[in-house]
There are 2 protein chains.
Amino acid sequence: MLNKRITISVDAMGGDLGPSVTIPAIAKACELHPDVAFLIFGIEADVRPFINAHPILLERSEFIPCDIAITMDEKPGSALRRGRKVSSMWQSIDAVKADNAHASISAGNTGALMAMSKVVLRMNQGIERPALAAIWPTLRGESIVLDVGATIGCSASQYAQFAIMGRAYARVVLGIADPSVALLNLGVEDMKGTDVIKEAAEVIGELGLNYIGFIEGDGIGRGEADVIVTDGFTGNVALKTAEGTARQITTMLSDAIKASWMSRIGYIFARSAFNVLKERLDPNASNGGIFLGLNGVVIKSHGGADVSGFTSAIEVAIEVSKAKINQIISRDIDDMQIVLENAWAERLE
Amino acid sequence: MLNKRITISVDAMGGDLGPSVTIPAIAKACELHPDVAFLIFGIEADVRPFINAHPILLERSEFIPCDIAITMDEKPGSALRRGRKVSSMWQSIDAVKADNAHASISAGNTGALMAMSKVVLRMNQGIERPALAAIWPTLRGESIVLDVGATIGCSASQYAQFAIMGRAYARVVLGIADPSVALLNLGVEDMKGTDVIKEAAEVIGELGLNYIGFIEGDGIGRGEADVIVTDGFTGNVALKTAEGTARQITTMLSDAIKASWMSRIGYIFARSAFNVLKERLDPNASNGGIFLGLNGVVIKSHGGADVSGFTSAIEVAIEVSKAKINQIISRDIDDMQIVLENAWAERLE
């Protein structure tokens, strides 16, 4: 890996609002992190006006014009065909591969981003498939939930790999020395769940992690575990259901408050409390999913993130770059490789 | 089916608090529904004192003493061995089988209740496996989500059967003439999801229902569909994650309000708004899951339901009994049998 100062490559075209969000966010990140440099990839006509509006970028970033922007609803196959080598998304990831950047970030199309990341960076040795890890706000602070949409359907050993990667990520971004790890299931008793989940519990139990067993959906928000392991289908449904429920409740509350002048007055007095709630539930504050398991760091921002949301995602990219997350994961995987191999061998018998 | 007045059989021993909740709830239901009779199953020493405390029950219910109560953490296999014929749970379900009751209700152990219901009542013709359907409060009213924990892993035709059953249930309990039906997935585009989900979408699309396609987790709370079809693993995680998120947000809000005297004053003024929210989020208000697909109606109450919660579940039992839900499902299944059989045949080729 390059030994110069931390450099983040950015796909400036990604997200619902593209450069009008990504470029001001990079400028903001430059102010907050004077030791970090940026590579900006995008279509000249769209990006240049925003760069010119932020003089700090002329000095702290390099702009690399590209021919193609991947659209938000494009299929991964089409994105790969059309965007190979020439798109801002591809080139931003390729900067990591070429050791010109420590991490790449995009608010673009998740499926395309994952497909390109796999093609460009390839999988980390010992990891079969990638996981998208999310930071989930809980009553006790924050937890890591993975996978939230990269890999549908997992084998027991893939769950185990996710546990190892999620634990490494929690150490880096949550600063927990020995994060507790749980498997998401429809019950906490040993007999509950699919065969593969029960098998995964056995394998993870053998790894010597701080594994605490099964957790149900309502245990995530209670902060019962630091790392919650699940497959991409279930994790994606859980994450979106939680986001939807949060939005539903705040809408219901706001409607109820608007319904009478008494409660409107109450709202004025209690505004600080509502602001605290709003802050704690702000999806922008915990923005920045990471694709784990690749030979290089790729961060996925929410497509709908605003400037502060995209800045948060950049900060995640900086943090994991500084911590050298991939080296930690590789080391952990090596440490547990023997255990995993034994588990695989046993299961093949 | 018996032609006399609506009769509900109750496993009085189920739930975290047993007869101290179930018996007062039956008494309450007697008051609310003068046309309904009850069969009460339970252990004499535990149940009798509560029955004696509610004179209305002496006239409107019959008490049948049993020898065994199934515990909340008992494994289904053990419950079946120990509780066969002699437990309050078994006998309450058996009353439906024997045409002595229109529906059976229990707040007991879900796994045991499902196992016993399958053994006693057997599956409805044309239905391979049962589904537990929940009523989910949304921004637009209420939706039906199924399965939330009965069947883990579904074939395409099982998803289709769930769609037909969920639609029938929505017509009965939500009073919607032609409910919209959606499949829960990790994206709304056709290409998203597992192979079996995509296949299920094809089969359901051929049934001539008001099928609107895929829905993501956050679409449930928005009320995007009247019936949301999923398998028991994903549905259970989604339901519990939503419950957990609701509890998390109300806890955060309450903590934030307690943090300053200004917001405490605000709370007093806005109390009516908070009460509205509390009411709309009260799990007791939408209590009463139903096992669909059996030759008879079995209702599952939350184990932690209070008297008003268990009363709500009894009311669901009464409602579906009056509407003859199983006849509706059987008719719908017959109507769509040809389509389903074609779909199966095609898939077997």
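Bear in mind the structure is a predicted one, so any value in this text is a computation, not a measurement. (Residues numbered from 1 in each chain as written. Chains lettered and ligands numbered in written order. Predicted model: local features only at pLDDT ≥ 70, side-chain atom pairs only at ≥ 80, totals over all residues. Heavy atoms only, no water.)

K.L.:
Outline the environment of Lys198 of chain A, listing residues and values.
P.N.:
All names here are of chain A. Considering the arrangement of structural elements, one finds Lys198 in helix H8 (residues 195-205). Separated by 15 residues in sequence, Lys198 and Leu183 have C-alpha atoms that sit 9.5 Å apart. Apart from residues lying up to four places away in sequence, Lys198 is in contact with Asp190, Met191, Lys192, Gly193 and Phe214. (Helix = DSSP H or I, 4+ residues; strand = E, 2+ residues; numbered from the N terminus. Contact = heavy atoms within 4.5 Å.)

K.L.:
Mind laying out the state of the cysteines, listing which residues take part and the relevant values?
P.N.:
Here is the idea: a disulfide is a covalent bond, and it sits between the sulfur atoms of two cysteines. Scanning all chains against the criterion turns up 0 disulfides over all chains. With no disulfide of its own, Cys30 of chain A lies 18 Å from the sulfur of Cys66 of chain A, the closest cysteine sulfur. (Disulfide = S-S within 2.5 Å.)

K.L.:
Explain the sheet that holds strand S6 (residues 142-146) of chain B to me, and be specific about the residues and the numbers.
P.N.:
Residue and element names in this part refer to chain B. Taking strand neighbours across the sheet as the criterion, the 11 strands line up as S3-S2-S1-S4-S11-S10-S5-S6-S9-S7-S8 in an open arrangement whose pairing is mixed. Sheet topology places strand S3 (61-65) and strand S8 (210-215) at the edges, where each strand pairs with a single neighbour. Taking the axes of each pair of neighbouring strands and ignoring which way they run, one obtains an average angle of 25 degrees across the sheet. Pairing of strand S4 (residues 103-106) with strand S11 (residues 297-300) involves 4 bridges; the strand directions are parallel. Of the residues in S11, the one forming a bridge with Ala103 is Val297. The sheet contacts of helix H5 (residues 88-97) involve strand S1 (7-11), strand S2 (37-42), S3, S4 and S11, and relative to S1 the element is tilted by about 165 degrees. (Pairing = 2+ DSSP bridges. Axes fitted to C-alpha atoms, helices over the stretch in contact; angles between N-to-C directions.)

K.L.:
Go over the pattern of salt bridges, please, and point to the residues and values.
P.N.:
Residue and element names in this part refer to chain A. This model, assessed by the stated rule, comprises 20 salt bridges over all chains. Residues Asp35 and Lys322 are paired through a salt bridge, measuring 3.2 Å at the closest nitrogen-oxygen approach. Here Asp35 is found in the loop between helix H1 (19-32) and strand S2 (37-42), whereas its partner Lys322 is found in helix H13 (residues 307-323), with 287 residues between them in sequence. Residue Asp35 is classed as partly exposed on the basis of its relative accessible area of 36%. In the salt-bridge network here, residues are joined through shared partners; they are Arg167, Arg171, Asp178 and Asp332. (Salt bridge = Lys/Arg side-chain N within 4 Å of Asp/Glu carboxyl O. Buried < 20%, exposed > 50% of the residue type's maximum accessible area, 1.4 Å probe, protein only.)

K.L.:
So what about the pairing of strand S8 (residues 210-215) of chain A? Which residues, and what values?
P.N.:
Residue and element names in this part refer to chain A. Pairing of strand S7 (residues 180-184) with S8, which is carried by 5 bridges, proceeds in the parallel orientation. Bridged to Val181 within S8 is Tyr211. What joins S7 to S8 is H8, and the crossover it makes is right-handed. (Right-handed = clockwise from strand over helix to strand, strands pointing away.)

K.L.:
So, the relation of the copies chain A and chain B: which residues are in play, and what are the values?
P.N.:
When chain A is fitted to chain B, the residual RMSD is 0.1 Å, and the transformation amounts to a turn of 180 degrees plus an axial shift of 0.0 Å. Given the turn and translation reported, the copies of this chain are related as if by a two-fold rotation axis. Minimal C-alpha distance to the rotation axis in chain A is attained by Gly266 of chain A, lying at 1.8 Å. (Least-squares fit on C-alpha atoms with pLDDT ≥ 70 in both.)

K.L.:
Tell me about the packing of helix H1 (residues 19-32) of chain B against helix H2 (residues 44-52) of chain B, and please be specific about residues and values.
P.N.:
All names here are of chain B. In the contact formed by H1 and H2, the axes pass within 9 Å of each other and the chain directions differ by 35 degrees. Handedness of the crossing formed by H1 with H2: right-handed. Taking contact as the criterion, the partners of Pro19, Ser20 and Ile23 in H1 are, on H2, Asp46, Val47, Phe50 and Ile51. Residues that form the contact of H1 with H2 fall into these classes: 5 nonpolar, 1 polar and 1 charged. (Left-handed = near helix turned anticlockwise from the far one by under 90°. Nonpolar A, V, L, I, M, F, W, Y, C, P; charged D, E, K, R; others polar.)

K.L.:
Before we move on, can you summarise the sheet that holds strand S9 (residues 227-229) of chain A with the specific residues and values?
P.N.:
Residue and element names in this part refer to chain A. Taking strand neighbours across the sheet as the criterion, the 11 strands line up as S3-S2-S1-S4-S11-S10-S5-S6-S9-S7-S8 in an open arrangement whose pairing is mixed. Looking at strand neighbours, the two that pair on one side only are strand S3 (61-65) and S8, the edges of this open sheet. With direction set aside, neighbouring strand axes in the sheet form an average angle of 25 degrees. Summarising the sheet, strand S5 (residues 131-138) and strand S6 (residues 141-146) pair through 6 bridges and their orientation is antiparallel. What sits directly across from Trp136, in S6, is Ser143. Lying over the sheet, helix H5 (residues 88-97) contacts strand S1 (7-11), S2, S3, strand S4 (103-106) and strand S11 (297-300), oriented at roughly 165 degrees with respect to S1. Sitting on the sheet, helix H6 (residues 110-121) touches S4, S5, strand S10 (289-292) and S11, and the angle it makes with S11 is about 175 degrees.

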